[in-house]
Amino acid sequence: MDTNKKNNGNFVKKLMDGGAFGLLALYILFCLFPILWIILTSFKTHAAINTFPPQFIFIPSFENYNTLLTSHDFIGFLTNSIITATVSTALVMALGIPAAYSLARYGIGGHRLSDWILSMRMFPPIALVVPLFLMFRFVHLLQTVWALILVYTAMNLPFAIWLMIGFFKDVPKDIDDAALVDGCTPWTALWKINVPAVAPGLAAAAILSIIFAWNEFLFAVILGGGTAKTLPVAVAGYVTDRAIFWGPMSAASVIALVPIVIFAMFVQRYLVRGLTLGAVD
Amino acid sequence: MKRWNWERTAAVLLLSPSIILIAIFVYGFIAFTGYASLTAWDRLDPDFTYVGFTNYVKLFANQRFQIDLRNTVGFTVLFLIACLTIGLTLAILLDQRIRAEGVFRSIFLFPMAISFIVTGVVWRWLLNPGSPELGSTGVNLLFEKLGLGFLKWGWFTDPVVWHIPPDSGLGQLLQQIGLGFMASPKVGLSAGVVSLVLAATWQMSGYTMAMYLAGLRAIPDELREAARVDGASEWQVLWHIVFPMLRPITLSAVIILGHISLKIYDLVVAMTGPGIGFSTDVPAYFMWDTTFRGNHFARGSAIAMVLLVMVAVLIIPYLVWTTRTEAEL
């Protein structure tokens, strides 16, 4: 190839790369600024929040966090969020691991069944909420964390099963067969051999289930409501007819964000996969 | 053979609790909602007197519901255009094997993990129009500082609905052929919806980028290289080779983003509420209002069923299509 042309091409390529880098960096600002702003706001006093024009440099105050974390109500909401997310995830894993393993190992239903399972996630939750409300009212579980735990388990199970099928399929069948020949039951082969082999994948499924439960709002506001408020419901509650309480609202938002930020870093790949119905790896 | 049967039975037994739970949860409850929508249940305690499709007839005649449908359509179309354009652009830029690609990707994806409630709260602040007495804030202030003060406007607080003016040439033509409603606010885009789209796009365009990036990476390098050797420009490579190969990804993205936008509820609650003249109202919000504030359970169920049908129209063909392509593999 002509050396001159090649050099020229390199120059153009460099210029384009520089331009691409610049545009991407600009988009990063757009992505991060809103989050940065809510964090800044959470460290402002009531007076500083209502200053016009808004300030970037100010003396940070822990007023909002102090108010929240010493409030009995807010600690309750936080506890509700933690309980619903962790207990529902534990149930999802307990039910989902055996289901995913059998689907992967014995090929029951094949692709069709696993796609069908995943498609459950796409139905609008609002179409399920009336019977759920009636049912929980009937058994007196309305406004309890139990209602939310049950709903989140059912909501996250399809996706977790679908994701874990992929992981279990990656375990070579020979290992299983060898264990069975050695006198293992399928049950012990599952827990002693397969589960440890795919532990990182299972952790990803669990983390996603926690994130979905943690962020959920519709069921939380309708079935949890008054006495079983979770963080998103609490955050939305700072907007009232009379005023918007920006201080506590931003601090509560930040508290709701922190675990998500940490968890999301571990599972971003699966986050995409999960929403895409496997169309993209 | 005997052992195999036993294993399979065990597998089915392991599987059934989950499958049964999921099936009841989804199909059973949808069936119940469908049934409830055909009754006279209009207070907290159930009343299963069958009334046929009365609730649906009333619903479609309801002005708020018509506005909601208009908003949903506007939201979905704008949201899809914005996410697909931004997502594809970001993916093409990132695909240039850029420095620190991983960092970019993680940051772009990050908003997606946040709840719509927090997103709504943040954007409620950023798009707060401020007031003449106190001055501008948020994005309006940014416009002011950049010397783009003329771009300032009321964002989600502006009740304007853009539509074809009835006295324009097109408007008069539409009236003459009996389609006068198309030149009225009944068919249009409300300003509040644009603000909602901005927030939702902030949240989901990184996700669209990730889909497209995976699609781009699946295109063999040799294919692009061969075209370049044949003298194709970068644009021609994109247009004739890359875009056609991304079509399945675009279809998936449309389905996934589309079903998210039809279901949207939490963003509206946190960011705008139903708005002045329902300028930011959506069917899911109306459903919640009707059912759990007004105790009109049958009517609320009817709204839920309409939403369900809209989502089904979108996803069922897609599901059939994906299963069929997988079966061919």
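Just so it is clear, the model here is predicted, and its values are computed rather than measured. (Residues numbered from 1 in each chain as written. Chains lettered and ligands numbered in written order. Predicted model: local features only at pLDDT ≥ 70, side-chain atom pairs only at ≥ 80, totals over all residues. Heavy atoms only, no water.)

Moving on, we come to the domain arrangement of chain A. All names here are of chain A. Domain annotation for chain A reports domain 1 (2-42) and domain 2 (64-276). Taking the mean C-alpha position of each, domain 1 and domain 2 sit 36 Å from one another. On the side of domain 2, 7 residues touch domain 1, which itself brings 5 residues to the contact. Together, the buried faces of domain 1 and domain 2 total about 490 Å²; carbon and sulfur atoms form 72% of this surface. (Domains from an automatic or database assignment. Contact = heavy atoms within 4.5 Å. Buried area = accessible area lost by both parts, 1.4 Å probe.)

What follows is about helix α3 (residues 63-94) of chain B. When the terminal C-alpha atoms of α3(B) are compared, their 46 Å separation across 32 residues agrees well with the 46 Å that a helix rising 1.5 Å per residue should span. One side-chain oxygen of the residue at the start of α3(B) lies 2.7 Å from the amide nitrogen of Arg64(B), identifying that residue as Asn62(B). (Helix = DSSP H or I, 4+ residues; strand = E, 2+ residues; numbered from the N terminus. Expected span 1.5 Å × (residues − 1). Polar contact = N/O pair within 3.5 Å; in protein donor to acceptor, adjacent residues only side chain to side chain.)

Counting across every chain of the model gives 13 salt bridges over all chains. Through salt bridges that share partners, Asp95(B), Glu101(B), Arg105(B), Arg217(B) and Arg224(B) make up one connected network. (Salt bridge = Lys/Arg side-chain N within 4 Å of Asp/Glu carboxyl O.)

Looking at chain B as a whole, its pLDDT mean stands at 87, while 96% of the residues score no less than 70. Mean pLDDT in chain B bottoms out at helix α1 (residues 2-36) of chain B, which sits at 78, and peaks at helix α2 (residues 54-61) of chain B, which reaches 96. (pLDDT = per-residue confidence, 0-100.)

Taken together, the contact pairs 92 residues of chain B with 88 residues of chain A. Across the chain B to chain A interface the summed buried area is about 8,500 Å²; carbon plus sulfur atoms make up 82%. Arg137(A) is paired through a salt bridge with Asp45(B); the nearest N and O atoms lie 2.8 Å apart. Linking chain B with chain A are 7 residue pairs in polar contact (both at pLDDT 80 or more), by the criterion used here. Top element by residues in the side of chain B that touches chain A is α1(B). It accounts for 21 residues. Taken together, the residues that form the side of chain B that touches chain A break down as 68 nonpolar, 15 polar and 9 charged. (Nonpolar A, V, L, I, M, F, W, Y, C, P; charged D, E, K, R; others polar.)

Take the packing of aromatic side chains next. By the definition in use, this model includes 34 aromatic pairs over all chains. With a centroid separation of 5.9 Å and 35° between ring planes, the pair formed by Phe104(B) and Phe108(B) is classed as tilted. Taken together, the residues Phe104(B) and Phe108(B), both in helix α4 (residues 101-109) and 4 residues apart, mark about one turn of the helix. Side by side, Phe104(B) and Phe108(B) carry an identical accessibility label, which is buried. Aromatic pair Trp153(B) and Trp162(B): ring centres 6.0 Å apart, planes at 40°, arrangement tilted. For Trp153(B), a relative accessible area of 23% translates into the label partly exposed. Feature note: the residues Phe21(A), Tyr27(A), Phe30(A), Phe104(B), Phe108(B), Trp123(B) and Trp202(B) constitute an aromatic cluster, connected by ring pairs. A cation over a ring is seen here: Lys44(A) above Phe58(A), with NZ or CZ 5.2 Å from the ring centre. (Phe/Tyr/Trp six-rings, centres within 6.5 Å; stacked < 30°, edge-to-face > 60°. Buried < 20%, exposed > 50% of the residue type's maximum accessible area, 1.4 Å probe, protein only. Lys NZ or Arg CZ within 6 Å of the ring centre and 35° of its normal.)

A surface patch of nonpolar side chains, about 330 Å² in accessible area, is lined by Ile83(A), Val87(A), Leu91(A) and Trp146(A). Position of Val87(A) relative to the elements: it lies in helix α4 (residues 72-106). (Patch = residues over 30% accessible without salt bridge, like charges linked within 9 Å, V, L, I, M, F, W, Y side chains within 5 Å. Areas by Shrake-Rupley, 256 points an atom, 1.4 Å probe, with all protein chains shown as cover.)

On to helix α10 (residues 234-245) of chain B, then. All names here are of chain B. The first and last C-alpha atoms of α10 sit 15 Å apart over 12 residues, in line with the 16 Å expected at 1.5 Å per residue. For α10, the set of buried residues is Val-237, Leu-238, Ile-241 and Val-242. The buried side chains of α10 occupy one side of the element, clustering within an arc of 130° when seen end-on. Projecting away from the buried face of α10 at angles above 90 degrees are the exposed residues Trp-235, Trp-239 and His-240. Where α10 is buried, its residues contact α3, α8 (191-217) and α9 (221-229). (Arc of directions from axis to C-beta.)

Before going further, it helps to examine the packing of α4(A) against helix α9 (residues 186-197) of chain A. All names here are of chain A. Put simply, α4 and α9 touch, their axes get as near as 11 Å, and they point 95° apart. By the criterion of interaxial angle, the relationship of α4 to α9 is roughly perpendicular. Seen from α4, the contacting residues are Ile-97, Pro-98, Tyr-101, Arg-105 and Tyr-106; seen from α9, they are Pro-186, Trp-187, Ala-189, Leu-190, Trp-191, Asn-194 and Val-195. In terms of residue class, the contact of α4 with α9 is built from 10 nonpolar, 1 polar and 1 charged. (Axes fitted to C-alpha atoms, helices over the stretch in contact; angles between N-to-C directions. Parallel < 35°, antiparallel > 145°, perpendicular 65-115°, else oblique.)

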